[in-house]
Amino acid sequence: MEIWINPACSKCRSAVSVLDAEGAEYTVRRYLEDVPSEDEIREVLERLGLEPWDITRTQEAAAKELGLKEWARDDSSRKRWIAALAAHPKLIQRPIITADDGSAVVGRTEDAVRDALSRK
């Protein structure tokens with residue numbers, strides 16, 4: 001199990017606290033420092049069952065500078081979105097937990113984190 005976090009994020013700290021309280025074995029990835037590649041983002045999206053725009057923080061300054069709210073949200077635009085997430089990792093919703101069963105969840109709530117823990 002791996003969790004992508006920004007240590008400054010309260011939702012990330014909360015998710016880590018739940019994992020620790022449950023005695024979970026996991027690896028922390030500070031994704032702003034250890035930036036995921038486009039391939040890694042594609043893999044996580046597949047595991048999440050989501051599209052890149054579903055995990056994009058559109059209120060971030062970089063999103064506004066790029067004009068992301070105006071970008072098309074379709075298959076032909078998918079590569080552009082993934083490239084933007086790789087170039088601007090702060091745009092990636094957090095925390096993302098990759099579960100042991102090959103799936104992943106965006107762990108913004110305690111229930112979502114517990115859901116990731118239950119996937120064996």
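Residues numbered from 1 in each chain as written. Predicted model: local features only at pLDDT ≥ 70, side-chain atom pairs only at ≥ 80, totals over all residues. Heavy atoms only, no water.

Among the structural elements, Ser37 can be located in the loop between strand E2 (27–30) and helix H2 (38–48). Judged by its relative accessible area of 33%, Ser37 falls in the partly exposed class. Here the alpha-carbon distance between Ser37 and Thr58, two residues 21 residues apart in the chain, equals 20 Å. (Helix = DSSP H or I, 4+ residues; strand = E, 2+ residues; numbered from the N terminus. Buried < 20%, exposed > 50% of the residue type's maximum accessible area, 1.4 Å probe, protein only.)

The strands making up a sheet associate through backbone hydrogen bonding, with each pair oriented either parallel or antiparallel. Strand order in the open sheet formed by four strands is E2-E1-E3-E4, and the pairing between neighbours is mixed. On the outer flanks of this sheet lie E2 and strand E4 (104–106), each paired with one strand and no other. The sheet shows a mean angle of 20° between the axes of neighbouring strands, taken without regard to direction. One ladder, built from three bridges, connects strand E3 (residues 96–98) with E4; its direction is antiparallel. Opposite Ile97, over in E4, you have Val105 as the bridge partner. Strand contacts of helix H5 (residues 110–118): E3 and E4, with the helix running at about 170° to E4, the strand carrying the most contacts. (Pairing = 2+ DSSP bridges. Axes fitted to C-alpha atoms, helices over the stretch in contact; angles between N-to-C directions. Contact = heavy atoms within 4.5 Å.)

Attention shifts here to helix H4 (residues 78–87). Along H4, the residues classified as buried are Trp81, Ile82, Ala84, Leu85 and Ala86. Each element contacted by the buried residues of H4 is listed here: H2 and helix H3 (61–66).

Counted according to the given criterion, the structure contains nine salt bridges. Residue Arg42 is joined to Asp39 by a salt bridge in which the shortest nitrogen-to-oxygen separation is 2.9 Å. Of this pair, Arg42 and Asp39 both sit in helix H2, three residues apart, which is roughly one turn of that helix. Residue class for Arg42 comes out partly exposed when judged on its relative accessible area of 31%. A salt bridge links Arg114 to Glu110; its shortest N-O distance comes to 2.9 Å. Here the residue Arg114 and the residue Glu110 both occupy positions in helix H5, the gap between them amounting to four residues, near one helical turn. What you see here is one network of salt bridges that share partners, running through Glu22, Glu110 and Arg114. (Salt bridge = Lys/Arg side-chain N within 4 Å of Asp/Glu carboxyl O.)

A separate point is the packing of aromatic side chains. Applying the stated criterion across every chain yields a total of three aromatic pairs. Considering the side-chain rings of Trp53 and Trp81, the 5.8 Å spacing of their centres and the 70° angle between planes classify their relative orientation as edge-to-face. Highlighted residues: Trp53 in the loop between H2 and H3 and Trp81 in helix H4, separated in sequence by 28 residues. Overall, Trp53 belongs to the buried group, its relative accessible area being 13%. Members of the aromatic cluster, connected to one another through ring pairs, are Trp53, Trp71 and Trp81. The lysine or arginine in question, Arg80, covers the ring of Trp71, its NZ or CZ lying 3.7 Å from the ring centre. (Phe/Tyr/Trp six-rings, centres within 6.5 Å; stacked < 30°, edge-to-face > 60°. Lys NZ or Arg CZ within 6 Å of the ring centre and 35° of its normal.)

What follows is about the nonpolar core. Judged by nonpolar contacts, the single largest core of 20 residues is most densely connected at Ile41, Leu48, Ile55, Leu68, Leu85, Ile92 and Ile96. Contributing elements (two or more residues each) for this core: H2 and H4. Sort the elements by how many residues they give to this core and H4 lands first, with five residues. Once residues within four sequence positions are removed from consideration, Ile96 is found in contact with Glu2, Ile3, Trp4, Val44, Leu48, Ile55, Val105 and Val106. (Core = buried A, V, L, I, M, F, W, Y, C linked by side-chain atoms within 4.5 Å.)

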